[in-house]
Amino acid sequence: MRRLVAVLRLTWGAAPWAMWRGAALSVAVLAMGVALLGLSGWFIVATGLAGLAGIGIAFDVFRPSAGIRFLALGRAASRYGERLLTHDATLRALAALRLELMRRLAARPVTALQRLRGGPELTRITADVDALDGVVLRLALPVLAGGVTHAAAFAALWWLVAPAVAVAVAAGYLLGAAAILARVAAASRAPSAEAEAATQALRRGVIDAFRGQRDLLVQGRMGARLEELEALETRARRAEDRLDRIDRASGFALAAVVAGVAGVALALGGWLVAGGAVEPAPAAIGFFVALALSETVLPLRKGLAEIGRMHDAARRVMATAPAATRGAQATPRPEAPRGLIFEGVAVARPGGGAPLLAGLDLRVAPGETVALSGPSGSGKSTLLAVAAGLEPPAAGRVLLDGHPVDDWPEAALRARLTLVLQRAALVAGTIRDNLALAAPEADDAEMRAALEAVALWPVIAAKGGLDARLGEGGAGLSGGEARRLALARAVLRRPSVLLLDEPTEGLDGPTAARVMRGLRAVLPEAAILTASHRAEELATADRTLELGRYISKTASV
């Protein structure tokens, strides 16, 4: 529940003025609905009594009729405004929630973020964020509006009818409807969470089966896989059936409470009329108001039935601590040694464990290219992540232009240092769109120069130039072409330190050599550190550092 409150605080704070206006209109809708039915009931009884008394011609029907029309039209207009404002505010709130989620995800190590790039993980994150729109629309606003409306109805009944009627209606809803809704929330939590988990598992399973259908058919496992999917579908359907039974039972119970409260109000009104304490027309108000207040509790069933789904989504979305803010004190000093410096650095696999490397001392000076070589699993990629400030070193420190990497403000660090990972991160859109992620202000000439530097321009020109479109994840380019596009994007940033993780993987030898020479030509002053195992990359380096002698004795490679 604490995380649901945190989600509510975040989403409400994203557009507080719009949220409060929407809440006010929600109250207006409910209050006008209650007043409309109460006034209508009074009007019907009053006109009937006037007719029986033979004074119907003298009875003022115009003002009550005008009030009924006003409330009916006002309720419709308030409903429209309430839907408009609350949905607009909720969309803004979801945008703020997505930004908060991105900030929290940014606190995770780069290896954890790489695992989140899979389709199932992204689908789950999207479903979690979408589930949380109900925190405002189906929980917070209805509860707030309903509570204010009940308070206003209690005061109106106390004043217009009698304190006994006001207390009876308030107590009936407070003790009856509130207890039922609390029971709905408790009973629905487990099946709603189960239904969501099963639905997500089924969705992931269908996607995986579709993508791997060839392997499943070859291995003869398609039948078993379909049985697993059918079991997941059955599990989801059973959870949904439980929710449906809870919803029907709670609907029947709430209807019984509404009927009971209305009956009590009617009986009390009759008793007061018989005793001469209240006139018949005002006494009818209590009955009709009790009926109208059902609109404040019946819609809450939907939100409370999904509270388990919302709670689990909030737990996952709000679980990660926000990303720490980097220091803001680091500024380059003329006397500080330039470039990238490792001082007694030890690195371990993400998540801890024995160090992979220990006692590493290295300086990569401006204009110098240093290649890291070593067996697979020796820590080359992890060392680059440490150099980029994405992972903390197990020991020692990494300096950029004389300052520890952790002391650099995030924006200043990324302006000076760029890491290109093994897997190219491309987006659906044009080649220009992908390059503009690194340098939005770059013109076409600069983009073409960057593509020429990595020997990719002829390929892009043949596909239609900078306006050539790519599919999701860069579909339309081969692995080597996608890697070179990521390198071109790094070139546009003009970093003073460039970290490359196997930059020419998937390229033939001559093309790999041209790419490495092109990078040095277009970034003559950059300190370049590469994790390499190819001869072409090692040949273009000014020196090679063999990591074998730094491998920790406790590490298993």
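As shown above, the structure is provided for reference.
Only a predicted model underlies this, so the values are computations on that prediction, with no experimental measurement involved.

Colleague: How do you make sense of the overall build of the protein when you look at a structure like this?
Modeller: When its secondary structure is counted, the protein shows 20 helices and 11 strands. Counting across all 557 residues of the protein, residues that qualify as buried make up 46%. Considering only intrachain contacts with a sequence separation of at least 6, the fraction spanning at least 24 residues in the protein is 79%. For the protein, the exposed area adds up to about 26,700 Å²; of that, 61% sits on carbon and sulfur atoms.

Colleague: What is the right way to read the layout of surface pockets from this model?
Modeller: Any empty space left between atoms is shown by rolling a water-sized probe over those atoms. By volume, the second largest pocket is sized at about 410 Å³. For the second largest pocket, the lining is made up of 18 residues, of which R79, E82, L137, P142 and P299 are closest to its centre. Within the residue set of the lining of the second largest pocket, elements represented by two or more residues are α2 (16-52), α3 (62-105), α6 (134-160) and α11 (300-305).

Colleague: Looking at this structure, how should I read the side chain of S532?
Modeller: Examined against the element boundaries, S532 turns out to sit in the loop between β10 (527-531) and α20 (535-540). Side chain to side chain, S532 and T530 meet in a polar contact 2.7 Å long. In this structure, S532 is in contact with A371, L372, S373, K380, E537 and L538, ignoring residues within four places of it in sequence.

Colleague: How should the sheet that holds strand β9 (residues 497-501) be read in this particular structure?
Modeller: Strand order across the open sheet formed by five strands is β6-β9-β10-β3-β11, with parallel pairing between neighbours. The open sheet has two free edges, formed respectively by β6 (417-420) and β11 (543-546), since each of these has just one partner strand. Going across the sheet, the axis of each strand differs from the next one's by a mean of 15°, ignoring polarity. Pairing of β6 with β9 involves four bridges; the strand directions are parallel. For L417, the partnering residue across the bridge sits in β9 and is V497. Contacts between helix α18 (residues 479-492) and the sheet are confined to β6 and β9, with β6 contributing the most and set at about 175° to the helix.

Colleague: I'm lost on the packing of aromatic side chains in this one. Help?
Modeller: When we look at a pair of aromatic rings, we describe it by the centre distance and by the angle of the planes. A full pass over the atoms with the stated rule returns two aromatic pairs. Aromatic side chains F154 and W158 sit 5.7 Å apart centroid to centroid with 50° between the ring planes, which places their arrangement in the tilted category. Pair noted here: F154 and W158 are both in helix α6, with a separation of four residues, about one helical turn. On the basis of relative accessibility, which here comes to 30%, the residue F154 falls in the partly exposed class. Residue class for W158 comes out partly exposed when judged on its relative accessible area of 44%. With a centroid separation of 5.2 Å and an interplanar angle of 75°, the aromatic rings of F287 and F288 are classed as edge-to-face.

Colleague: Sorry, what's going on with the packing of α18 against helix α19 (residues 509-522) here?
Modeller: Each pair of packed helices can be summarised by the angle the axes make with each other and by the distance between the axes. For the pair α18 and α19, interaxial distance at closest approach is 11 Å and the crossing angle is 10°. On the basis of their axis angle, the class for α18 and α19 is roughly parallel. Each of R484, L487 and V491 in α18 lies in contact with α19, whose residues at this interface are T511, V515, L519 and V522. Tallied by class, residues from the contact of α18 with α19 come to five nonpolar, one polar and one charged.

Colleague: Is there a simple way to explain empty space enclosed by the protein in this structure?
Modeller: One pass over the full model with this rule turns up one cavity of 30 Å³ or more. The calculated volume of the largest cavity comes to roughly 30 Å³. Lining of the largest cavity is provided by H150, A153, F154, L157, A166, V169, A170 and L293. A total of four residues in the lining of the largest cavity trace back to one element, the largest contributor, which is α6. Classifying every residue of the lining of the largest cavity by side-chain character gives seven nonpolar, one polar and no charged.

The rules behind each value
- Starting afresh in each chain, residues are numbered from 1 along the sequence in its written order.
- Local features are withheld for residues below a pLDDT of 70 in this predicted model, meaning they are given only at 70 or higher, and side-chain atom pairs are given and counted only at 80 or more; totals for whole chains, interfaces and linings count all residues.
- The basis for every side-chain value is the complete set of heavy atoms in the structure, and neither hydrogens nor water enter the calculation.
- The helix count covers DSSP runs of H or I at least four residues long, the strand count covers runs of E at least two residues long, and both are numbered beginning at the N terminus.
- Relative accessibility decides the category of a residue: with a 1.4 Å probe and only protein chains considered, values under 20% of the type maximum give buried, values over 50% give exposed, and everything between is partly exposed.
- Residue contacts are defined here by distance: any two heavy atoms, one from each residue, within 4.5 Å place the two residues in contact.
- Per-residue and other accessible areas were derived by the Shrake-Rupley procedure at a 1.4 Å probe size, with only the shown protein chains allowed to occlude residues.
- A 1.4 Å probe that fits but cannot get out identifies a cavity on a 1 Å grid over protein atoms alone, an open set with protein on both sides within 12 Å along at least five of seven lines counts as a pocket, and a residue lines either if it has an atom within 4 Å of a point.
- Grid points are joined across faces, edges and corners, and a volume is the space filled by probe spheres set on the points.
- Here a polar contact is taken to be a pair of N or O atoms separated by no more than 3.5 Å, where protein atoms must pair a possible hydrogen donor with a possible acceptor and residues adjacent in sequence count only if both atoms sit in side chains.
- DSSP calls a pair of strands paired once it identifies at least 2 bridges connecting them.
- The axes are straight lines fitted to the C-alpha atoms, using for helices just the contacting stretch, and the angles between their N-to-C directions are given from 0 to 180°.
- Each aromatic pair joins two rings of Phe, Tyr and Trp (for Trp, the six-membered one) with centres within 6.5 Å, and gets the label stacked for planes under 30 degrees apart, edge-to-face for over 60, and tilted for any other angle.
- Just so you know how the angles are binned, under 35 degrees is roughly parallel, over 145 roughly antiparallel, 65 to 115 roughly perpendicular, and the rest oblique.
- For this classification, the nonpolar set comprises Ala, Val, Leu, Ile, Met, Phe, Trp, Tyr, Cys and Pro, the charged set comprises Asp, Glu, Lys and Arg, and every other residue, Gly included, is treated as polar.

Remember, this is a structural readout, not a statement about activity or role.
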